[in-house]
Every structure is written in structure tokens, then in C-alpha cells.
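Results of the structural survey
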Amino acid sequence: MPGEGVPSAQKSSWASFLKSIASFSGDLSSLTAPPFILSPISLTEFPAYWCERPGLFAAIGDAETEQDRSIAVLKWFISTLKGQYTSRNEKLGSEKKPLNPVLGELFYGHWPDVDGRGQTNLVVEQVSHHPPITAYYICNPTKGLALQGHSAQKTSFSGGSIIVKQIGHAILTVELEDGGKEEFLITLPRLRIDGLWYGSPYIELTETSYIQSSSGWLSTIEYKGKGYFSGRSHSFKALLTPPKSTTPLKKYEGVWHETSKDLDTGEIFTDVTSPKEEVTVGPVQDMHEFESRKLWQHVARGIREGDYETASREKSKIENEQRQRRREEQAAGTQWKKWHFEHIPSDPVYERLVKLFNGAPPTEDTYVFKHNHEKTPSVRSVSV
Ligand code: CLR
């Protein structure tokens, strides 16, 4: 039934929200949505989804050959998809509209060292507000791993669904025992948000994404929903091709929210049916005012407790303060200074790797992490 998931008092506001997205393309974050669809979590928390299976991430550093590293990277990547794209449905009942981060908003976390896998650290910063762009840096120094990326979205409306093109990419750097390094360019899939009519949105992945290694190995991942390959939602097929070859050496198929297998051997490739490990974050009272859970704490409580009046009042406070900051900067002729990242107009690693396959734009800008990865910085260690 249309509007099934929508509380009756919010049906008309949901209908006008749908109308506004239908006639709109660009930055969804600026549209006012009815309270039932609001999430108390800011988009700066999302990069944590990259590492909720820290053991699979660490395993990349233990692989010994180029082929095995490419397989380990693909396995880890596929295993992040469930968290990235279905966890709000599990936790909040449906996909929801995240809090739109303010410029300079921060999110820090880590996953502890267990059984020698090394500690994994996470640094996230909102590096642009208009349009919203989130930069992140995740490292496991023990295993010589660093993932640097940024994320933005372009949205449009088609056939009753929201189509989200992901802008940005991630580069995974693996330090090798011989002192060299291997780099992996990770491109991001396209999203379709379905279920809008019923007021219970969920994500399906579409088209193709790639993982290109500097060693030449390439993973091509094709996404399909209901009615394709296996006919199931969240299906994918991944092909791993050796350097300078077009014949895949490995083929994997399955559903990214449960299990997949190696098509030649029948062995299980990915299995995300066991619980994931959520990021560890320090207590809110110790946080800096720009740290996400502190910054949004009153808005988030309002949303969680259904006190939308408080939520919207607190949200306006934050937004006004931001406008004031921008006005002051303009008057002083200064610009907001990023805490941990530096914007560069073109990413040389991206450009070198993207040439090895086609399916992504030839150049892209990037946000480079400014610090040494042995030490995860905190906002307090940065001079403002
Ligand atoms: C952000 C980067 C993450 C993966 C990811 C998952 C869900 C996406 C999110 C990204 C961007 C914002 C997003 C969200 C789903 C819904 C939300 C597109 C790509 C939009 C802004 C909200 C739409 C509102 C409807 C739910 C009504 O690695």
C-alpha cells in the first residue's frame, strides 16, 4: 500500500517531500523531510563502514603475492557492502536521511588490536558543506595499510527511485616487506533508493565498480537486484583479471549482504552473516565541539526520543552558528582551514591507476591526509 511505512500524521508531508525530490536534482541534504525519515546519525560516521570487519582488512597486509592481495582486497571490499548499504534498515527500520555535516565536522574512532591484527584508526572530516564532501583516512600501521578517500553524491530521480551517483574514490596503500608499496584504486557503485512510495526506503546497488591494483590485477564488480543473475536482491558478480589480460582468473558470485562463492571451486568467498564490529568512540563529554556526536547530541536525542521540536530548534542553532562563522570569515577575508586534509585538484595515484582500465573519469581531485599515519591525530593536536 502506498505510504504504508509512513505515520498517518506525516503522510502529506511525505507526499510533498517526494514531490520536491522528483522536481529536483543535486543536493538532497538541503531538502526538508518529515520527522519519521530523519536519522540521528551524521554522514561523517559513514566511513566507519569500511572497517567493521577489521580482521578482513588486516588480512590484506598478510597476503604474500600480488594475486593474493587483490583477492584479499576484493573480499574485504565486498564484505563492507552490507554495513554500508543495509545497516540503517536493520538498525533504524529503513534507509533514513542522515544529518548533514557542518564544515569541519569530525569523527574519530578505532578498532582495537585483537590477536595481533593491529589497531585500526579512523579519522573523518567534513571538508566541504556546499556541496557536502566527506574525507576519511583509515590506517592499520601494524599491517602497513592506509585507506584514503572522499565521498560526495549527485542525486537524480527516475522511475520513482532516487538515483545516487557516488563522486569520489578511495586509494588503499599497502606497504610491502621489501620497502615497496602496492596501491589499489577503489571506485564506488551507483545506488538506487527504492521503496519511497511505501515510505520505507532501501538501497539497491547498480552498474559496475572497480578495484585496480598498481600490480595490474583488476576486479570488476557488477551489481544486480531482483530479477537478474540469481534473481535475488543485492546480487553481484566479480571477475578478477591478471595484469594485461582480459581473461578472468577468478569468478565470484553471490549476494553481498549474506554469502558468495568462488564459481570454479564452489568454496565460500564472502560471508557476512556473523556480527560486525562497530567502531570504538571515546565518551561524548571528552569530545571537541566539532566532533560529530558532541556537535549533534541534542538534535540526535530529539530525533531518537521523538521530540522533533527540540531536534529542529537545536538544528537551527547549529545552522545559525555556521552561517555566522561564514559571515565572519568573509568579513575578515579568511577561509575555513581544514583540520586534517589538504585539497589537491588532481590525484596522481588515481590518474596512474585509472589508465589501466576504463570505466571511470580520467582525472579527479582528492583530499590528502596531512599527518604521519603512525600517529592518529586528534583535533587538539592541530594548530588552528
Ligand atoms: C555515503 C558514503 C557511504 C555509503 C553511503 C550509504 C548510504 C547513502 C550515503 C553513502 C549518502 C547519503 C544517502 C545515503 C542513503 C540515503 C542518503 C544517499 C553514499 C540520502 C541523502 C537521503 C535520501 C533521503 C531518503 C531516504 C528519503 O560509504
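Predicted, not measured: the structure shown is a model, and the values here were computed from it. (Residues numbered from 1 in each chain as written. Predicted model: local features only at pLDDT ≥ 70, side-chain atom pairs only at ≥ 80, totals over all residues. Heavy atoms only, no water.)

Notes on the overall build of the protein
If you tally the helices and strands in the protein, you get seven helices and 18 strands. For 384 residues, the compact-globule formula gives about 21 Å, and the C-alpha radius of gyration of the protein, at 21 Å, lands near that figure. Viewed in the frame of its principal axes, the protein has a C-alpha envelope of about 55 × 55 × 40 Å. A buried classification covers 51% of the 384 residues belonging to the protein. Pairs at least 24 residues apart make up 56% of the contacts formed inside the protein by residues separated by at least 6 positions. For the protein, the exposed area adds up to about 18,200 Å²; of that, 50% sits on carbon and sulfur atoms. Computed over 44 positive and 48 negative side-chain charges, the inter-centroid distance for the protein is 5 Å. (Helix = DSSP H or I, 4+ residues; strand = E, 2+ residues; numbered from the N terminus. Rg over C-alpha atoms; globule rule 2.2 N^0.38 Å. Buried < 20%, exposed > 50% of the residue type's maximum accessible area, 1.4 Å probe, protein only. Contact = heavy atoms within 4.5 Å. Areas by Shrake-Rupley, 256 points an atom, 1.4 Å probe, with all protein chains shown as cover. Lys, Arg positive; Asp, Glu negative; His and termini not counted. Charge placed at Lys NZ, Arg CZ, Asp CG, Glu CD.)

A short note on a negative patch on the surface
On the surface, a cluster of negative charge is made up of Glu-64, Asp-68, Glu-177 and Asp-178. A relative accessible area of 73% places Glu-64 in the exposed class. (Patch = residues over 30% accessible without salt bridge, like charges linked within 9 Å, V, L, I, M, F, W, Y side chains within 5 Å. Salt bridge = Lys/Arg side-chain N within 4 Å of Asp/Glu carboxyl O.)

What to know about the packing of aromatic side chains
Per the counting criterion, the structure on display carries 15 aromatic pairs. Between the aromatic rings of Tyr-252 and Phe-269, the centroid separation amounts to 3.7 Å while the plane-to-plane angle is 15 degrees, which identifies the pairing as stacked. You can see Tyr-252 sitting in strand S14 (residues 250-255) and its partner Phe-269 sitting in strand S16 (residues 268-271), a full 17 residues away along the chain. For Tyr-252, a relative accessible area of 2% puts it in the buried group. According to the relative accessible area criterion, Phe-269 is buried, its value standing at 6%. (Phe/Tyr/Trp six-rings, centres within 6.5 Å; stacked < 30°, edge-to-face > 60°.)

Remarks on the layout of surface pockets
Roughly 1,000 Å³ of volume is contained in the largest pocket. Asn-100, Val-102, His-129, His-130 and Glu-319 are the residues nearest the centre of the largest pocket, which is lined by 38 residues in total. In terms of residues, the lining of the largest pocket owes the most to one element, helix H6 (residues 308-332), which gives 13 residues. Its residues assigned to classes, the lining of the largest pocket comprises 16 nonpolar, 14 polar and eight charged. Looking at the second largest pocket, its volume works out to about 850 Å³. Looking at the lining of the second largest pocket, the elements that each hand over two or more residues are helix H1 (11-22), helix H3 (66-92), strand S2 (97-99), strand S5 (133-140), strand S6 (145-158), strand S7 (161-167) and strand S10 (190-194). When residues of the lining of the second largest pocket are assigned to their parent elements, the largest contribution, five residues, is made by S6. Split by residue class, the lining of the second largest pocket holds 24 nonpolar, nine polar and six charged. (1 Å grid on protein atoms, 1.4 Å probe; cavity = no way out; pocket = protein on both sides within 12 Å on 5 of 7 lines; lining within 4 Å. Points joined across faces, edges and corners; volume = space filled by probe spheres on them. Nonpolar A, V, L, I, M, F, W, Y, C, P; charged D, E, K, R; others polar.)

Points about the pairing of S10
Two strands pair when backbone bridges link them, and S7 and S10 are joined in this way by three bridges, in the antiparallel orientation. The partner of Val-164 across the bridge, within S10, is Leu-191. Note that S10 and strand S11 (residues 202-213) share five bridges and pair antiparallel. Each residue of the ladder has a partner; that of Asp-194, found in S11, is Tyr-202. (Pairing = 2+ DSSP bridges.)

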